[in-house]
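# Breakdown of the fold
Next come the chains, spelled out residue by residue.
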Amino acid sequence: MSGWAMALFKRDLRLSVRIGGSALVGVLFFLAVVTVIPFGVGPDLNLLARIGPAILWIGALLATLLGLDRLFQADREDGTLDLMMMSGRPLELVVLVKCLAHWIATGLPLVVAAPLLGVFLNLDPVSMGAVTATLLVGTPALTLIGAIGASLTVSLRRGGLLLAVLVIPLAIPVLIFGVSSADAAIHDPVPFLTPFLILCALTLIAAVVGPVASAAALRFSSD
Amino acid sequence: MAFWDYANPTRFLRLVQIVLPWLVGLCVITFAVGLYMSFQAPEDYQQGQTIRIMYIHVPAAWLCMMCYTVMSLSSIGTLVWKHPLADVSAKSAAPIGAAFTFMALLTGSLWGKPMWGTYWVWDARLTSVLVLLIMYLGLMTLWRTMDDPIKAGKAAAVLTLVGALNLPIIKFSVDWWNTLHQPASVVRLDGPTIHPDQLWPLLVMAIAFTLLFLVLHLMAMRNEILRRRVRALRMRAASASHPGTAAATAQPAE
Amino acid sequence: MDLGPHSGFIIASYALCILTVLALVAWVRIDKLVQDRALKELADQGIVRNRPDTPKQ
């Protein structure tokens, strides 16, 4: 990674870890969602084990969406975003680096917390590992797709809710393949690797489409 | 006249004025013929009289895909060629597309009740159409929340194109999800065996729906152009009465 | 004509589709009236487009 990208990465990571402690809030929200589910569906451990991967995935999706509206907004408010756009660096790369830093600050803690929360949901070690692996591969896709929504709503005062509505349809494939590869590891209707590799492909597609579309949206919203 | 000449909104409005009455007439006639044919068509040996719902369900479903295609092409027009009518076209197509998607879902579930015994099944096709409806509504909301039509048009164009890239992926993943979770025992909505007596009314109805879309789209585009004129004139009036605060703003297609 | 045991569903789907189309038509017609009235109001105040056929600046 060249110098400026590394500097930007470190700056973003430091900002998101220090101010507001977004990593911790995301994990707390994740915990709250997982805690609430048994109150809704009842404490039946067999049922919880069956829908556990789905609960963890939906919790991770919601926690990711919750943190996304700050991806560009703080930088826009204090003018940093304009400086980044005028710096002459490729904006797509800037977005990619920012997404990476954002994922490490908010997505990675969710992945780390997932096995722990799996205990509450009566997941056995195999499915716990499977869910963690799919979250590790899949949550970057959520952040990258969400970056498109974040840059579209960056100029809106209350864009958080709209962002979620815009991003959720685009995130459905990630959710489907994340949950089904975790399910495939437990009771195998298909081999684990088939949906898992498609999930990896989706993340790679998102790594291309996300920064390009998001950079385009940022450029249009500024001029 | 070349395609580019219609970039001038005034010339476009004049064209609409000429074409619209003919299109309306053609649309009404096709609908009359199509409806007559669809109620004259023989009933299906398996689905009985409920096959009549197909004559509105399938055209509505086909239109909700075509409408998104029109929006995607218009978005390319907005972003690549900066055609002044492209974002007008995309913006006015969105509510019409949402309405056709709603119709497809509604007739689908009303057809599902007698056929499957329930109004809603998480069938692959119904589910992807539901996702499409959410995307239409999200796009409409994005348009409403930004007051500058040019910026809103560009933002919506980016989202429309990302959606167009994503729609095949969504369709594919919903199909995959559906085969995992559901045995393929449900009655297929439009089975492979379609008799010519049923095909002709379906084709006529599809043409009628397409004409209806064209009529509504042209009318909505005309409204949008007029709305932008009103907006520009009001802003000019406001800046004329408060000369100190006059702001230089980009002029949308009017 | 006889629509069989499920006539309710058939009639309901046709009726709701017609209602949706009517709502769309009403929307474009009312929108047109609103815009025409606004343009007329502005014209009454003497605010009209001065360059009707040339592109902007």
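Owing to the predicted nature of the structure, the values given are computational and were not obtained by experimental measurement.

## Focus on the overall build of chain A
Each helix and strand in chain A was counted, giving nine helices and zero strands. In terms of overall dimensions, chain A is globule-like: its C-alpha atoms have a radius of gyration of 18 Å, near the 17 Å expected for 223 residues. Of all 223 residues assigned to chain A, the portion counted as buried reaches 52%. When the accessible area of chain A is evaluated, it comes to approximately 9,800 Å², of which 72% is carbon and sulfur surface. Computing the positive centroid from 12 side-chain charges and the negative centroid from 12, chain A places the two 10 Å apart.

## Quick notes on the packing of helix H4 (residues 70–77) of chain A against helix H6 (residues 91–120) of chain A
Residues and elements named next belong to chain A. H6 packs onto H4 with a crossing angle of 115 degrees between their chain directions and a minimal axis gap of 10 Å. Residues Leu 71, Phe 72 and Asp 75 of H4 lie in contact with H6, whose contacting residues are Val 95, Lys 98, Cys 99 and His 102. Along the lines of polarity and charge, the residues of the contact of H4 with H6 split into four nonpolar, one polar and two charged.

## A short note on the interface of chain B and chain C
Taken together, the contact pairs 39 residues of chain B with 33 residues of chain C. With both sides pooled, the region where chain B packs onto chain C buries about 3,500 Å², and carbon together with sulfur makes up 73% of that total. The largest share of the area that chain B buries against chain C comes from B:Phe39, B:Asn223 and B:Leu233, three residues that together contribute 15% of it. Ionic pairing is found between C:Asp31 and B:Arg227, a salt bridge with its closest N-O pair at 3.0 Å. There are three residue pairs in polar contact (both at pLDDT 80 or more) connecting chain B and chain C. The element best represented in the side of chain B that touches chain C is helix H6 (residues 196–241) of chain B, accounting for 14 residues. Among the residues forming the side of chain B that touches chain C, the class breakdown is 22 nonpolar, eight polar and nine charged.

## Brief notes about the interface of chain A and chain B
Taken together, the contacts link 28 residues of chain A with 27 residues of chain B. Of all residues in chain A, the largest losses of buried area upon contact with chain B belong to A:Leu152, A:Leu170 and A:Phe220, amounting jointly to 25% of the total for that side. For the pair chain A and chain B, the interface holds zero salt bridges. Inspection of the chain A/chain B interface yields one residue pair in polar contact (both at pLDDT 80 or more). Among the elements that make up the side of chain A that touches chain B, the one with the highest residue count is helix H9 (residues 193–222) of chain A (11 residues). Split by residue class, the side of chain A that touches chain B holds 23 nonpolar, four polar and one charged.

## Focus: the environment of B:Ile225
All names here are of chain B. If you trace the backbone, Ile 225 turns up in helix H6. Residue class for Ile 225 comes out buried when judged on its relative accessible area of 0%. When the C-alpha atoms of Ile 225 and Val 88 are compared, they prove to be 7.1 Å apart, with 137 residues separating the residues in sequence.

## Looking at the nonpolar core
The tendency in soluble globular proteins is for nonpolar side chains to be buried side by side. Counting residues in each nonpolar core, the largest one holds 157 residues, and the members touching the most others are A:Phe72, A:Leu152, B:Phe100, B:Leu142, B:Val158 and B:Phe209. Take this core: its biggest share by element is 17 residues, from H6(B). In contact with B:Leu142, not counting residues within four places along its chain, are A:Leu152, A:Leu162, A:Leu166, B:Ala155, B:Ala156 and B:Leu159.

## Overview of helix H1 (residues 9–40) of chain B
Spanning 32 residues, H1(B) covers 44 Å between terminal C-alpha atoms, matching the ideal 46 Å at 1.5 Å per step. The largest bend along H1(B) reaches roughly 35 degrees and is located at B:Val19, with the proline B:Pro21 sitting one to four residues downstream. Among the residues of H1(B), those classed as buried are B:Pro9, B:Thr10, B:Phe12, B:Leu13, B:Val16, B:Leu20, B:Leu23, B:Cys27, B:Thr30, B:Phe31, B:Gly34 and B:Ser38. In this fold, the buried residues of H1(B) make contact with helix H2 (51–81) and H6 of chain B together with helix H1 (7–44) of chain C. Backbone nitrogen of B:Thr10 and a side-chain oxygen of the N-cap are separated by 2.9 Å at the start of H1(B); the cap is B:Asn8.

## Overview of the confidence of the model for chain A
When pLDDT drops low, the exact placement of atoms in the prediction is not to be read closely. Scored by pLDDT, chain A comes out at a mean of 87, with 96% of its residues at no less than 70. Mean pLDDT across the elements of chain A ranges from a minimum in H4(A), with 84, to a maximum in helix H7 (residues 125–152) of chain A, with 92.

## Considerations on the pattern of salt bridges
On inspection of all chains with the given rule, the structure shows 12 salt bridges over all chains. Through salt bridges with shared partners, one network takes in B:Asp87, B:Lys91, B:Glu224, B:Arg227, B:Arg228 and C:Asp31.

## Some remarks on a nonpolar patch on the surface
All names here are of chain A. Among the surface-exposed residues, Leu 24, Leu 28, Leu 31 and Phe 120 lie close enough to one another that they form a single nonpolar patch of about 420 Å² accessible area. In terms of residue count, helix H2 (residues 22–41) provides more of the nonpolar patch than any other element does, three residues in total. For Leu 31, the position within the fold is in helix H2.

## A word on the side chain of A:Asp183
When you line up the elements, A:Asp183 lands in helix H8 (residues 160–186). Buried charge without a salt bridge: A:Asp183, with A:Arg50 as the nearest opposite-charge side chain at an N-O distance of 7.4 Å.

## Some details on unusual backbone geometry
The phi angle at A:Asn122 is positive, at roughly 60 degrees, despite the residue not being glycine. One non-glycine residue, B:Lys82, lies in the positive phi region at around 50 degrees. Positionally, B:Lys82 belongs in the loop between H2 and helix H3 (86–116).

## As for the side chain of B:Thr30
With respect to the helices and strands, the residue B:Thr30 is situated in helix H1. Given a relative accessible area of 13%, B:Thr30 falls into the buried group.

Rules and cut-offs
- Residues numbered from 1 in each chain as written.
- Chains lettered and ligands numbered in written order.
- Predicted model: local features only at pLDDT ≥ 70, side-chain atom pairs only at ≥ 80, totals over all residues.
- Heavy atoms only, no water.
- Helix = DSSP H or I, 4+ residues; strand = E, 2+ residues; numbered from the N terminus.
- Rg over C-alpha atoms; globule rule 2.2 N^0.38 Å.
- Buried < 20%, exposed > 50% of the residue type's maximum accessible area, 1.4 Å probe, protein only.
- Areas by Shrake-Rupley, 256 points an atom, 1.4 Å probe, with all protein chains shown as cover.
- Lys, Arg positive; Asp, Glu negative; His and termini not counted.
- Charge placed at Lys NZ, Arg CZ, Asp CG, Glu CD.
- Axes fitted to C-alpha atoms, helices over the stretch in contact; angles between N-to-C directions.
- Contact = heavy atoms within 4.5 Å.
- Nonpolar A, V, L, I, M, F, W, Y, C, P; charged D, E, K, R; others polar.
- Buried area = accessible area lost by both parts, 1.4 Å probe.
- Salt bridge = Lys/Arg side-chain N within 4 Å of Asp/Glu carboxyl O.
- Polar contact = N/O pair within 3.5 Å; in protein donor to acceptor, adjacent residues only side chain to side chain.
- Core = buried A, V, L, I, M, F, W, Y, C linked by side-chain atoms within 4.5 Å.
- Expected span 1.5 Å × (residues − 1).
- Bend = angle between axes of the 7 residues up to and from the residue.
- pLDDT = per-residue confidence, 0-100.
- Patch = residues over 30% accessible without salt bridge, like charges linked within 9 Å, V, L, I, M, F, W, Y side chains within 5 Å.

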